[in-house]
Amino acid sequence: MAQPDSVRALFFTFNSLALRGFGGVLPWAQHVLVDERGWLERDEFVELLSLAQVLPGPNICNLALMVGDRFFGLRGALAALGGMLAAPLVIVLSLAILYSRFADLPIVVAALRGMGAVSAGLILAMALKLLPTQRSNRPGWLFVAAAFVMVGLLRWPILWVMLGVGLVSVGTARWRQAR
Amino acid sequence: MSVSDLFELFLRFTTLSLLAIGGAITLTPEMHRFTVVEHGWLDDAQFTASISLAQASPGPNILFVTLIGWNAGGWAGAAATTIGILLPAATVALVAYRWTERLSALPWVRAFRTGMAPITIGLLLATGWVLAAPNAGHPVLIGVTAVTAALVLLTRLNPLWLLAGGARAGILSA
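What counts as what
- Residues numbered from 1 in each chain as written.
- Chains lettered and ligands numbered in written order.
- Predicted model: local features only at pLDDT ≥ 70, side-chain atom pairs only at ≥ 80, totals over all residues.
- Heavy atoms only, no water.
- Helix = DSSP H or I, 4+ residues; strand = E, 2+ residues; numbered from the N terminus.
- Buried < 20%, exposed > 50% of the residue type's maximum accessible area, 1.4 Å probe, protein only.
- Domains from an automatic or database assignment.
- Contact = heavy atoms within 4.5 Å.
- Buried area = accessible area lost by both parts, 1.4 Å probe.
- Salt bridge = Lys/Arg side-chain N within 4 Å of Asp/Glu carboxyl O.
- Nonpolar A, V, L, I, M, F, W, Y, C, P; charged D, E, K, R; others polar.

> Even after reading the chapter, I still don't get the environment of Phe7(B), so can you show me in this structure?
All names here are of chain B. Summarising the element assignment, phenylalanine 7 is placed in helix α1 (residues 3-19). Judged by its relative accessible area of 52%, phenylalanine 7 is exposed. Separated by 130 residues in sequence, phenylalanine 7 and glycine 137 place their C-alpha atoms 46 Å apart.

And the structure:
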C-alpha cells in the first residue's frame, strides 16, 4: 500500500484534486487517492466516506482531514484540508469579483450546463465503481437500493434516511457478526 | 459591517457548522433567512449568485459560504463565514475519526463501518440521479451523463477531457 512521503506531498495532492473538481470534488478524491496514488483501498475509501458523511461538515473536508490525520496526524490533517481549500478559495473569490461581467453570457450558461451533466456522470461512475466493495455483504445491496430510492427518487431528507436505514443496516451488520 | 456584526456572523456560522450533516447546502434556507431577510447584509441576487458561482468553480462547494460572507462583509466577512463553518465540524470530525480508529476492534464500531458503507454508495447513486434529473427533457445532456459514466468505468481517460467535452456539447446543443 503506497503512502504519501511528506506533508508537502499531501498538500499538493489535495490541491491538485480540488482544482480538477468542477461540480464536485468527491469523484476526483476517489480517482486520485485510490486509483492514481494507491493511498487507500476502495473499501477503506468507502469506510472513511461513510464516517465523513454522518458527521457534521462538508463530506469532502471531513474526508481530507481523516486522510491527512491517518498519515501525518494533525499536521497532515491541516495540510490536506488547506491544500484542498487554498487554490479554490482564490479562484472562487476572483470569479465573484468578475461575476457581474460575464454571468449572463449564454455561452457560459450553456458550457456550465454541459459540465454539470458530466459531473452527474462522474458521481454515478464512482458509485458503480464502489459497488463491488459490497460483494461479501449480501444484505448491503438492499440498503444501497433503499438509500438510492428514498433520496434519489422520493427526495426524502438525507438526514432521516441516514438515521433510519443506517440504524437497520448497522443492526443487521452487528447481527451477522454475532452469528 | 461593524465588528459586532462580524462577530454575530461568525457565531451564527459556527452553530450552523454542527448542523451541517449531509452537506452544508441543506442549510441554505437558514443562511438566507439570517443574512438576507433578518439583517439585509446582502440581497437575493447576491445570495443566489454565491451558490451558483461556487458550483461553477473547481473545489469544494462549501465555498459558497465564503462568497456569502464576502458579499455580506468583504474580506473579513469571508473569513468569518469560512472559518465559522469549518472549525467546529473539523474538530468533531478529527476527534470522531481518531476515536473510531482506536476502537476499531469493538463489534459495534465494525458493524457501523460495514452497515454505513452501502448507504454511502446508495446516496452517491442518488446524488448522480438528482444532478441528472433536471436534464430529463434534454437528450444531449442525458447522453453526456451516460457517456461520461461509461467512459470512466471502461477506460482510463482523464475526466478533465470529459469536462471539456461536456462544456462543448452544452454549447453546441444550446
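> Please explain the domain arrangement of chain A as it appears in this structure.
How big an interface is tends to be reported as the loss of accessible area on association of its parts. All names here are of chain A. Along its sequence, chain A is carved into domain 1 (7-135) and domain 2 (136-179). Of note, the centres of domain 1 and domain 2, computed from C-alpha atoms alone, are 25 Å apart. Contact residues are listed per partner, giving five residues for domain 1 and seven residues for domain 2. Taking both partners together, domain 1 and domain 2 bury about 560 Å²; carbon and sulfur atoms supply 62% of that area. Looking at the side of domain 1 facing domain 2, the largest losses of area belong to Leu131, Gln134 and Arg135, adding up to 76% of the total buried there.

> Looking at this structure, how should I read the interface of chain B and chain A?
Residue-level contacts link 77 residues of chain B with 87 residues of chain A. Here chain B packs against chain A, burying approximately 7,600 Å² in sum over the two surfaces, 80% of which is carbon and sulfur. The tally of links from chain B across to chain A stands at two salt bridges. The partner of Glu47(A) in a salt bridge is Arg113(B), with the nearest N and O atoms 3.6 Å apart. Every element with two or more residues in the side of chain B that touches chain A is listed here: α1, α3 (44-56), α4 (64-102), α5 (107-132), α6 (139-154) and α7 (159-173) of chain B. The element that contributes the greatest number of residues to the side of chain B that touches chain A is α5(B), accounting for 25 residues. Here the residues of the side of chain B that touches chain A sort into 52 nonpolar, 20 polar and five charged.

> Is there a simple way to think about the pattern of salt bridges in this case?
It is possible for side chains of opposite charge to pair when their charged atoms get near one another. Residue and element names in this part refer to chain B. For the structure shown, the criterion picks out ten salt bridges over all chains. In this structure, glutamate 38 and arginine 33 form a salt bridge, with 2.9 Å as the shortest nitrogen-oxygen distance. Given a relative accessible area of 37%, arginine 33 falls into the partly exposed group. Linked through salt bridges whose partners overlap, the residues forming this network are Arg12, Glu30, Arg33 and Glu38.

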